[in-house]
Amino acid sequence: MKWSEIYIPTLREDPAEAEIDSHKLLVRAGYIRKLAAGIYNYLPLMQRVLLKITNIVREEMNNAGAQEILMPVLHPAELWQASGRWEIMGKEQMRMKDRNQRDLVLGGTHEEVITTFLKGEIRSYRQLPLNLYQIQVKFRDEIRPRFGLLRAREFYMKDAYSFDTDEESFKISYQKMLNAYKRVFDRCGLDTKMVESDTGAMGGKAAHEFIVLVDTASGESVVFSCDSCSYAATVEKAISLEEKISDDHEKEKPLNKVSTPNLKTVVEITNFLNVSPKKLVKTLLYKADNQIIAALIRGDQELNEVKLKNLIGAKNLEMADAATVEKITGAKVGFSGPIGLKNLKIIADLQIAKLKNAVTGANENDFHLTDVNFKRDFKADQIADIRNVVSGETCPHCKKGKLTSSYGIEVGNTFMLGTKYSESLGAKFLDRDGNEKPFVMGSYGIGITRTAQAAVEKFNDDKGIIWPNVITPFSIVITPTDWNNDKIKSKALEIYEHLIERNVATLLDDRDERPGVKFNDADLIGIPLRVTLGPKNLEKNQVEIQIRKTKETIHVPPAEAVSKCLQLLENL
RNA sequence: CGGGGUGUGGCUCAGCCUGGUAGAGCGCUUGCUUUGGGAGCAAGAUGUCGGAGGUUCAAAUCCUCUCACCCCGACCA
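First, a word on scope: everything that follows refers to the structure included in this document. All of these numbers come straight from a predicted model, not from anything done at the bench.

Cut-offs used in this document
- Residues numbered from 1 in each chain as written.
- Chains lettered and ligands numbered in written order.
- Predicted model: local features only at pLDDT ≥ 70, side-chain atom pairs only at ≥ 80, totals over all residues.
- Heavy atoms only, no water.
- Pairing = 2+ DSSP bridges.
- Helix = DSSP H or I, 4+ residues; strand = E, 2+ residues; numbered from the N terminus.
- Axes fitted to C-alpha atoms, helices over the stretch in contact; angles between N-to-C directions.
- Contact = heavy atoms within 4.5 Å.
- Near = heavy atom within 4 Å.
- Polar contact = N/O pair within 3.5 Å; in protein donor to acceptor, adjacent residues only side chain to side chain.
- Phe/Tyr/Trp six-rings, centres within 6.5 Å; stacked < 30°, edge-to-face > 60°.
- Buried < 20%, exposed > 50% of the residue type's maximum accessible area, 1.4 Å probe, protein only.
- Lys NZ or Arg CZ within 6 Å of the ring centre and 35° of its normal.

**Regarding the sheet that holds strand E27 (residues 476-480)**
- Across the sheet, which stays open at both edges, the five strands sit in the order E28-E27-E29-E30-E31 with mixed pairing between neighbours. Taken across any chain shown, the strands that pair with only one partner, and hence form the sheet edges, are strand E28 (506-508) and strand E31 (553-556). Ignoring strand direction, the axes of neighbouring strands in this sheet form an average angle of 20°.
- Bridge count between E27 and E28: three bridges; the pairing is parallel. Its bridge partner being in E28, Ile476 is matched across the sheet by Thr506.
- Against the sheet, helix H12 (residues 486-501) touches E27, E28, strand E29 (529-533) and strand E30 (543-547), its axis set at about 170° to E27.

And the structure:
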């Protein structure tokens, strides 16, 4: 392709809309343009990258025995009502009515559709296992679209769905997908970590995510991993061995009420009373569906809403507002405590049960209680792990390694769905013994557009993007420093033709621009190899090959340029 | 949804506080010079100042409403 024949609108300045490097670069380098919040146009360079990624995904999925199909983007509401997800998905699910006032859903995932489709088709165990996938636009009305393609509302995704006769067979199918995923991301040049994750709105038994670790907060997931074994999990899911706390054996002192005028925060109170935040019981009121509950957590720790939500089996969980808190506890926010709370469920974190002589709110304005003791002074309906793991805690698997946290970009996920959808939608088959059974299902996603941006986030420098050769829009850019110089021009064209003949994706910068502009653009759009033809080198019968990643330059005679490039590309 | 912020030429922004008929840099067009890391000179084109209403002799500027976008939070296959 000649540069003059492909639309690459590079920008000199960072776009105002972007916050993180990969987003800035994709816009600056002419890969994407925003249409609306979280909705993007993919320009020619981007489309080439997306095609490369989808081809890799396609190959690996096909190799794993999955078959490509294409399903509708618009779904009738009835499917989602039948599975029970009409209520669960919430506002993230884009909904609309057609001209006849029928409710429709813009598909953010396709469990309902595929299960309903196969329900009428697969009748015998002989037809299983089956794995179908598609690569398609998805729409999710994200509360807060952010970071360009990393959290867009409209995005490209590969979603696969497996159907098996039983758990045993399913395990094989699931493992095949895990292997395929590893290969996909390896081929894309991305190091991924497979972590245990929450099943969220997908439901099912268990789930994994494939995460690209990044050092900036641009990764929207936080993952914990063990430094001595392979355990890793998202913050929503991670657990640790309960750490022993030092005052475990303190003698219980008599309960006290102290005046704490206007002291509401953990820091204010613990400073005032001169105790560690570890000794404070935070009492958080939540609205779980239509019921108010209290969650108790140590002052220095964070509540994990996902764990809490899963524990009590709530569909919706949100913090109670200030008015509700006052109504329930009889005191302002900041003075809540478990003692004296009536008619509501109290759930305490495991760590709370171990505290001796703790501090809590008195459920009375400007007062706290000290030397509060679990069992003696208050009880809990449930005691469970409902907190976030903290860096440095001990691994629950090997029981000796330390857990450390890092940011990550989730590029793929896999869900063990069990029979959740096949049962709710009545998708059954006849087994060997003639019994009707629901399919055992799995679902598997890869964010195509997100993977592309994850690669940019991972591979860039102050000049621009540095694509791995496997997913770059072009492998080589030929840069004649002076397009009006006939000798340079004909040599450049000659090398270009030869590379094209060998099927190398090559971009020829035939613009009448100054060399500096061409070099900067080439660096910005991230092409792995640049072949530069300038008058001085050409007089010495040389062209220059520069490796984008290392800035290393190699001089070779023009006749050897093609073979040298091919050789270099092997390792990029 | 709560809090904060921004909308001015294709892009990045100044001007707004203190009202007086719209600017810079980049980009774009033409010409000449220049040609290995975002060139120089000269000449030019481009804006209903997000939208609606109001105050005023006069509104980019003040007021009200509204829309869009960005950031923080809540949320997240």
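Still to come is the rest of the account.
**Description of the sheet that holds strand E16 (residues 317-319)**
- One open sheet holds the five strands; their spatial order is E16-E14-E15-E17-E20, and the pairing between them is mixed. Bordering the open sheet on either side are E16 and strand E20 (382-384), each of which pairs with just one other strand. When the angles between neighbouring strand axes are averaged without regard to direction, this sheet yields 30°.
- Examined bridge by bridge, strand E15 (residues 291-298) and strand E17 (residues 345-349) share four bridges and lie parallel to one another. Note on E17: the bridge partner recorded for Ala295 is Ile347.
- Sheet contacts for helix H8 (residues 305-312): strand E14 (281-288), E15, E16, E17 and E20; angle to E16, the most-contacted strand, approximately 130°.

**Some words on the protein's contact with RNA strand B**
- Around RNA strand B sit 44 residues in total, of which Arg12, Arg140, Arg144, Glu305 and Asp523 are the nearest.
- Restricting attention to atoms of RNA strand B within 4 Å of the protein, one finds that 52% of them are sugar or phosphate atoms.
- Contacts to RNA strand B include Arg28, whose side-chain N or O atom sits 2.9 Å from a base oxygen.
- Measuring from a base oxygen of RNA strand B, one finds a side-chain N or O atom of Arg530 at 3.1 Å.
- Put simply, the parts of the chain that give the surface near RNA strand B at least two residues each are strand E1 (32-36), strand E8 (154-164), H8, strand E21 (403-418), helix H13 (515-525), E29 and E30.

**Some remarks on the packing of aromatic side chains**
- Taken as a whole and assessed by the stated rule, the structure comprises ten aromatic pairs.
- Look at Tyr181 and Phe185: their rings are 6.2 Å apart centre to centre, the planes differ by 90°, and that puts the pair in the edge-to-face class. Taken together, the residues span about one helical turn, with Tyr181 and Phe185 both in helix H6 (residues 167-187) at a distance of four residues. As far as burial versus exposure is concerned, Tyr181 and Phe185 are alike and both buried.
- Seen in terms of ring centroids, Phe374 and Phe378 are 5.4 Å apart; in terms of plane orientation they differ by 70°. Their pairing is edge-to-face.
- We classify Phe374 as buried; its relative accessible area is 12%.
- For Phe378, a relative accessible area of 5% gives the class buried.
- Here the aromatic residues Phe163, Phe429 and Phe439 are joined through ring pairs into a cluster of three or more.
- Residue placement shows Arg95 over the ring face of Trp86; its charged tip is 3.7 Å from the ring centre.
- Across from the ring centre of Trp3, 4.1 Å away, lies the NZ or CZ of Arg511, which sits over that ring.

Geometry only, nothing functional implied.
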